Amino acid sequence: MRVLGIETSCDETGVAIYDSEAGLLGDALYSQIAVHAEYGGVVPELASRDHVRKLLPLVKEVLQQANMTGSELDAVAYTAGPGLIGALMVGASTGRAMALAWDIPAIGVHHMEGHLLAPMLEEHPPAFPFVALLVSGGHTQLVQVDGIGEYTLLGESLDDAAGEAFDKAAKMIGLHYPGGPEVARLAEQGDHSRFRFPRPMTDRPGLDFSFSGLKTFTLNTSNDLKVDGELSDKDRCDIAAAFEDAVVDTLAIKCRRALQQTGFKQLIIAGGVSANQRLRDRLEEMVKKERASLFYARPRFCTDNGAMIAYAGCQRLMAGQSSDLSIQCQPRWPMDSLEPIAKG
Ligand code: KG4
Ligand code: ZN
């Protein structure tokens, strides 16, 4: 089955074609970072308008990459939520219309399920069941995954998501949006022993997270160091290093607990923050001690992309699921409300 995947939930327009036999046949991505950078964050209306501009050219591009025409596709998958409603509607209505024109089914995909399944696109995918750490700009969740659509939430952030905390910390030390990769870049040059930032909620049992206190700690540290309202380059790097260490350590402690609690021996990490090299290294160390294995997608498929939507859609379509003609998007959509796919 060949599925066209469309991702437009936030600030990336992603399109891909996934073939259940041959794997990825085409994959194209347009990032709106330049559109939003001057505002320091995503402006929803500008995001929707840019998706309108970029979506069809990207569809043409992936069809060319795959050397096929739309009528040779078997289905269209689009992100139906969670995300920015206007942005979601662009992908959903365009995807639904193309499916109608080509007389093929369409399916609305849950964005976080897309992220969660992205490691399946790699050469050595995990096998169910496993523990998943989802760390994106909008979500931080630990999930027990028994199969596609069989998700039990083990813990989540009570306030900011990990990616959001990276973005806000970046802003505090004068870095551009999106801050995660910038903080990681500066942290590489930082002195990791100069500051020790708190590891929130690790001193009590449970698998929930909270990053807002860490954010305040970062703000206070940076204000204390400012001279004439400015931080030195060294201070910036040292704060980035301390912040990154605190987030990475906190995530690793909770992942270890989740493995111990479930007894599972496989951990997957997904979402934008799973591209973070220090997080990957720290978790590799941890899983080794737990005699478990770590799985993640290539960096391009950690952040938003069309391939993960094409893949997730394909799995559900192959199990006989599809969406009707109405175009329904859900800006908020709990992942544990998803239907399991029937096991063959
Ligand atoms: O999954 P994603 O592309 O979009 C959402 O679904 O939210 O995640 C974006 C988030 C942003 O907050 C970004 O700063 C963060 O992922 N991010 C990173 C890195 N790359 C992206 N955070 C830390 N280190 C990175 N290398
Ligand atoms: Zn995402």
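Residues numbered from 1 in each chain as written. Chains lettered and ligands numbered in written order. Predicted model: local features only at pLDDT ≥ 70, side-chain atom pairs only at ≥ 80, totals over all residues. Heavy atoms only, no water.

(A) Highlighting the packing of aromatic side chains. Summed over all chains, the structure comprises six aromatic pairs. Measuring from ring centre to ring centre gives 5.1 Å for Tyr18 and Tyr311, while their planes differ by 75 degrees; the resulting arrangement is edge-to-face. One end of the pair, Tyr18, is in strand β2 (residues 12-19); the other, Tyr311, is in helix α10 (residues 306-318), and 293 residues separate them in sequence. For Tyr18, a relative accessible area of 12% corresponds to the buried category. The exposure class of Tyr311 is buried, given its relative accessible area of 10%. (Phe/Tyr/Trp six-rings, centres within 6.5 Å; stacked < 30°, edge-to-face > 60°. Helix = DSSP H or I, 4+ residues; strand = E, 2+ residues; numbered from the N terminus. Buried < 20%, exposed > 50% of the residue type's maximum accessible area, 1.4 Å probe, protein only.)

(B) Spatial organisation of the site of ligand 1. Around ligand 1, a shell composed of 18 residues is seen, among which Gly137, Asp167, Gly180, Gly272 and Asn276 lie nearest. A distance of 3.5 Å is found between an oxygen atom of ligand 1 and a backbone nitrogen or oxygen belonging to Gly138. Within the backbone of Asp304, a nitrogen or oxygen atom sits 3.1 Å from an oxygen atom of ligand 1. For the shell around ligand 1, the elements supplying multiple residues, two or more each, are α4 (111-117), α5 (162-172) and α6 (179-189). Among the elements that make up the shell around ligand 1, the one with the highest residue count is α5 (three residues). (Near = heavy atom within 4 Å. Polar contact = N/O pair within 3.5 Å; in protein donor to acceptor, adjacent residues only side chain to side chain.)

(C) Structural detail: the sheet that holds strand β1 (residues 2-7). Read across the sheet, five strands follow the order β3-β2-β1-β4-β5 without closing on themselves; strand pairing throughout is mixed. Two strands in the sheet have a free side with no partner beyond their single neighbour: β3 (23-31) and β5 (106-110). Taken over all neighbouring pairs, the strand axes of this sheet differ in orientation by 20 degrees on average, direction set aside. With six bridges joining them, β1 and β2 adopt antiparallel strand pairing. Following the sheet pairing, Val3 is matched in β2 by Tyr18. Along the sheet, helix α3 (residues 85-102) makes contact with β1, β4 (75-81) and β5, crossing β4 at roughly 160 degrees. Packing against the sheet, α10 makes contact with β1, β2, β3, β4 and β5, and its axis sits at approximately 130 degrees to β1. (Pairing = 2+ DSSP bridges. Axes fitted to C-alpha atoms, helices over the stretch in contact; angles between N-to-C directions. Contact = heavy atoms within 4.5 Å.)

(D) Structural view of the environment of Ala101. Among the structural elements, Ala101 can be located in helix α3. On the basis of relative accessibility, which here comes to 65%, the residue Ala101 falls in the exposed class. Expressed as a C-alpha distance, the spacing of Ala101 and Gly206, which sit 105 residues apart in the sequence, is 50 Å.

(E) How the structure looks around the side chain of Lys215. For Lys215, the location among the structural elements is in helix α7 (residues 212-225). Under the relative-accessibility criterion, Lys215 is labelled buried at 19%. In this structure, Lys215 is in contact with Asp160, Lys168 and Met172, ignoring residues within four places of it in sequence.

(F) Fine view of the confidence of the model for the protein chain. Predicted confidence across the protein chain gives a mean pLDDT of 97, with 99% of residues reaching 70 or more. The secondary-structure element of the protein chain with the lowest mean pLDDT is helix α1 (residues 33-37), recorded at 93, while β1 shows the highest, at 99. (pLDDT = per-residue confidence, 0-100.)

(G) Summary view of the coordination of the zinc ion (ligand 2). Note on the zinc ion (ligand 2): its protein donors are His111 (NE2), His115 (NE2) and Asp304 (OD). The metal-donor distances range over 2.0 to 2.1 Å. For the zinc ion (ligand 2), the four donor atoms are set out with angles of 94 to 133 degrees between them, so the coordination reads as tetrahedral. Spacing between the donor residues of the zinc ion (ligand 2) along their common chain follows H-x3-H-x188-D. Residue His111 and its partner His115 are both found in helix α4; the two are separated by four residues, about one turn of the helix. Using a relative accessible area of 6% as the deciding quantity, one classes His111 as buried. (Donors = N, O, S within 2.8 Å, 3.2 Å for Na, K, Ca; no water. Tetrahedral: all angles 85-135°; square planar, octahedral: opposite > 155°, others 65-115°.)

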